[in-house]
Amino acid sequence: MAFLDKVIEIAKKDVQTIVLPEAFDPRTIEATHKILEQGIADVILVGNKTEILSGSGEWNIENATFINPETFEELDAYAAALAELRKSKGMTQEEARKLLLENALYFGVMLVKMGRAGGMVAGAANSTANVLRPALQILKTAPGTKLVSAVFLMEVPNCDLGEEGIFIFGDCALNPNPTSEELAHIAISSAKTFESLVHKEAKVAMLSFSSKGSAAHPDVDKVIEAGKIAQNLAPDLQLDAELQLDAAIVPKVGKSKAPESKVAGQANVIIFPDLDAGNIGYKLVQRLAGANAYGPVCQGLSMPVNDLSRGCYADDIVGTVALTALQAQMQSK
Ligand SMILES: CC(C)(COP(=O)(O)OP(=O)(O)OC[C@H]1O[C@@H](n2cnc3c(N)ncnc32)[C@H](O)[C@@H]1OP(=O)(O)O)[C@@H](O)C(=O)NCCC(=O)NCCS
Ligand SMILES: CC(=O)OP(=O)(O)O
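None of the values given here were measured: they were computed from a predicted structure.

Some thoughts on the overall build of the protein chain
Thinking step 1. Summing up its helical and strand segments, the protein chain has 13 helices and eleven strands in all.
Thinking step 2. Taken over the C-alpha atoms alone, the protein chain extends approximately 65 × 45 × 35 Å along its principal axes.
Thinking step 3. For the protein chain, with 333 residues in total, the buried portion stands at 54%.
Thinking step 4. Taking the intrachain contacts of the protein chain between residues at least 6 apart in sequence as the baseline, contacts between residues at least 24 apart amount to 69%.

As structure tokens, then:
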């Protein structure tokens, strides 16, 4: 069974409500049809029902829940709650009300915060920064977590590397230039995400352009230091730094470049040294290897909100909604 089919099976056993605030994006409409048809999640679409339905073409989305901020009976209560959450930043209730009326992403995140939905997925029509800012501001980090980061679940066809072609790649979307300490937190969170979604032991490689001292540079030192911090914070985690990508995932190269390493050649969690590498890296694998790229899946948020690439297809939205539903299930336990 393909990875996503397994995720969908689990999602269907305890159906969660996911808000899709980009109701005017045709891919969101197609995805909503597929999600409802397969029973993967209940969907809340944000906006005027008549207008959304008039643009839905061949797709049947009648069974979605439509919430229009302009006629929403709880708007004032939501505005009061948002103003309270942002009062340290000086937000008034009037400003909060205006934001909820004008910005469907803030409205969608508040539906999650107020318990109306278990999670939100957006980003087909909005930049990552605009999707994640309200989530970071309103939901904040989960208890015990310092840093939110964002990974892709990569499913590479006809590939026996990683976990039979399944990898977590991180951080590919959020933290532009992580310090060693931040990289260590990204690595630990990514291992947890891998294990919770794939149900296999994580083997984490922290990538560099150097393997075990083959190059000397401050950027290499940053990754070596990150590996030490991560291993101190999570001594039981199978993790190694610094490895080049081939040494991390190809058994023969791992043996020759890092013969002592327990992770080299077998890594299934790939940690990039910065966002340039991570964002470019996942798109290379997606576009040139034909991999499915689900995400960016956020880790470390107190409640699930996940992003999409603006280049996504409707099926990517379906996959990311299924993963979000799984996170929402875990949250509700
Ligand atoms: C996500 C991002 C927008 C946040 O930066 P910003 O808009 O400048 O906002 P701020 O730095 O003021 O942060 C906003 C809030 O989020 C919090 N925050 C930001 N990054 C965070 C992180 N990684 N983990 C936890 N909290 C974070 C801040 O503490 C702040 O909280 P507060 O408002 O309650 O004080 C920014 O990191 C970003 O643009 N990242 C790159 C996104 C991108 O373009 N990716 C490539 C394509 S996928
Ligand atoms: C994750 C990502 O790269 O998003 P976008 O393509 O929308 O910038």
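Some remarks on the sheet that holds strand E8 (residues 238-243)
Thinking step 1. Ordered in space as E8-E7-E9-E6-E5-E10, the six strands form an open sheet in which the pairing is mixed. Looking along the sheet, the strands with just one partner apiece sit at the ends: E8 and strand E10 (292-299). Put simply, the sheet's adjacent strands are angled 20 degrees from each other on average, direction ignored.
Thinking step 2. Direction of pairing for strand E5 (residues 149-155) relative to E10: antiparallel, over a ladder of six bridges. Looking at the pairing, Ser149 lines up with Gln299 of E10.
Thinking step 3. Contacts from helix H8 (residues 180-198) reach E5, strand E6 (166-170), strand E7 (203-207), E8, strand E9 (269-271) and E10 within the one sheet, and its direction differs from that of E9 by about 160 degrees.
Thinking step 4. Strands in contact with helix H12 (residues 275-288) are E5, E6 and E10; relative to E5, the strand with the most contacts, it is inclined by about 20 degrees.

Thoughts on the site of ligand 1
Thinking step 1. Taken together, 15 residues are adjacent to ligand 1, and Arg86, Arg133, Lys140, Ala173 and Asn175 come closest.
Thinking step 2. Arg86 is positioned with one of its side-chain polar atoms (N or O) 2.8 Å from an oxygen atom of ligand 1.
Thinking step 3. One of the side-chain nitrogen or oxygen atoms of Lys140 is found 2.5 Å away from an oxygen atom of ligand 1.
Thinking step 4. Protein burial of ligand 1: of its 940 Å² of free accessible surface, 62% is covered by the chains.
Thinking step 5. The dominant element in the shell around ligand 1, judged by the number of residues it contributes, is helix H7 (residues 128-138), at five residues.
Thinking step 6. Tallied by class, residues from the shell around ligand 1 come to six nonpolar, five polar and four charged.

With respect to the nonpolar core
Thinking step 1. Within the largest apolar cluster, 59 residues are counted, with the highest numbers of intra-cluster contacts made by Ile35, Leu45, Val204 and Met206.
Thinking step 2. Considering each element in turn, this core owes the most residues, nine residues, to H8.
Thinking step 3. In contact with Leu45, other than residues within four places in its own chain, are Leu20, Ala23, Thr28, Ile29, Thr32, Ile52, Ile61, Ala64, Thr65, Phe66 and Ile67.
Thinking step 4. Counting residues in hydrophobic clusters, the runner-up holds 35 residues, among them Leu82, Val109, Val112 and Ala122.

So, the pairing of E6
Thinking step 1. Where burial is concerned, most of E6 is hidden: five out of the five residues are buried.
Thinking step 2. Alternating residues of E6 divide into Ile166, Ile168 and Gly170 and Phe167 and Phe169, and every residue in both groups is buried.
Thinking step 3. In this structure, E5 lies alongside E6, joined through five bridges in antiparallel fashion. Bridge pairing in E6 links Glu155 to Ile166.

Overview of the site of ligand 2
Thinking step 1. Neighbouring ligand 2 are Thr128, Phe152, Asn279, Tyr282, Lys283, Pro296, Ser309 and Arg310.
Thinking step 2. For ligand 2, an oxygen atom lies 2.7 Å from a polar atom in the side chain of Ser309.
Thinking step 3. When isolated, ligand 2 has an accessible area of 260 Å², and the protein chains bury 87% of it.
Thinking step 4. Ranked by residue count, the leading element in the shell around ligand 2 is H12, at three residues.
Thinking step 5. Residue composition of the shell around ligand 2, grouped by class: three nonpolar, three polar and two charged.

What about the sheet that holds strand E4 (residues 119-121)?
Thinking step 1. Here we have five strands laid out as an open sheet, ordered E3-E2-E1-E4-E11, and parallel in their pairing. Only two strands of the sheet have a single partner each, and these edge strands are strand E3 (65-67) and strand E11 (305-306).
Thinking step 2. Direction of pairing for strand E2 (residues 41-46) relative to E3: parallel, over a ladder of three bridges. In the sheet register, Ile44 faces E3, and the bridge partner there is Thr65.
Thinking step 3. Along the sheet, helix H2 (residues 26-38) makes contact with strand E1 (16-20) and E2, crossing E2 at roughly 155 degrees.
Thinking step 4. Each of E1, E2, E4 and E11 is contacted by helix H13 (residues 314-332), which is oriented at about 130 degrees to E1, the strand it contacts most.

Quick word on the UniProt feature "domain: Phosphate acetyl/butaryl transferase" (unreviewed entry) in the protein chain
Thinking step 1. Feature annotation in UniProt places "domain: Phosphate acetyl/butaryl transferase" (unreviewed entry) on residues 3-325, given in this structure's numbering.
Thinking step 2. Secondary structure content for residues 3-325 is 45% helix and 16% strand, and the end C-alpha separation is 15 Å.

Side note on a nonpolar patch on the surface
Thinking step 1. Together, Ile280, Leu284 and Leu288 give the surface a local cluster of nonpolar side chains, amounting to about 330 Å² of exposed area.
Thinking step 2. Here Leu284 is to be found in helix H12.
Thinking step 3. Looking at Leu284, the relative accessible area reads 45%, which means it is partly exposed.

Comments concerning the pattern of salt bridges
Thinking step 1. Enumeration over the complete set of coordinates arrives at eleven salt bridges.
Thinking step 2. A salt bridge links Arg27 to Asp25; the shortest N-O distance between them is 2.9 Å.
Thinking step 3. For Asp25, a relative accessible area of 9% corresponds to the buried category.
Thinking step 4. Among the salt bridges present, the one from Asp246 reaches Lys257, with a minimum N-O distance of 3.1 Å. Taken as a pair, Asp246 in helix H10 (residues 245-249) and Lys257 in helix H11 (residues 251-257) lie far apart in primary sequence, eleven residues in all.
Thinking step 5. On the accessibility criterion, Asp246 (29% relative accessible area) is partly exposed.
Thinking step 6. Classification of Lys257 by relative accessible area gives partly exposed; the value is 30%.
Thinking step 7. Overlapping salt bridges, with partners in common, bring together Glu30, Lys34 and Asp315 in one network.

Here is what the cut-offs are and how they apply
- Residues numbered from 1 in each chain as written.
- Chains lettered and ligands numbered in written order.
- Predicted model: local features only at pLDDT ≥ 70, side-chain atom pairs only at ≥ 80, totals over all residues.
- Heavy atoms only, no water.
- Helix = DSSP H or I, 4+ residues; strand = E, 2+ residues; numbered from the N terminus.
- Buried < 20%, exposed > 50% of the residue type's maximum accessible area, 1.4 Å probe, protein only.
- Contact = heavy atoms within 4.5 Å.
- Pairing = 2+ DSSP bridges.
- Axes fitted to C-alpha atoms, helices over the stretch in contact; angles between N-to-C directions.
- Near = heavy atom within 4 Å.
- Polar contact = N/O pair within 3.5 Å; in protein donor to acceptor, adjacent residues only side chain to side chain.
- Areas by Shrake-Rupley, 256 points an atom, 1.4 Å probe, with all protein chains shown as cover.
- Nonpolar A, V, L, I, M, F, W, Y, C, P; charged D, E, K, R; others polar.
- Core = buried A, V, L, I, M, F, W, Y, C linked by side-chain atoms within 4.5 Å.
- UniProt positions renumbered as here; feature names shortened; annotations may be inferred.
- Patch = residues over 30% accessible without salt bridge, like charges linked within 9 Å, V, L, I, M, F, W, Y side chains within 5 Å.
- Salt bridge = Lys/Arg side-chain N within 4 Å of Asp/Glu carboxyl O.

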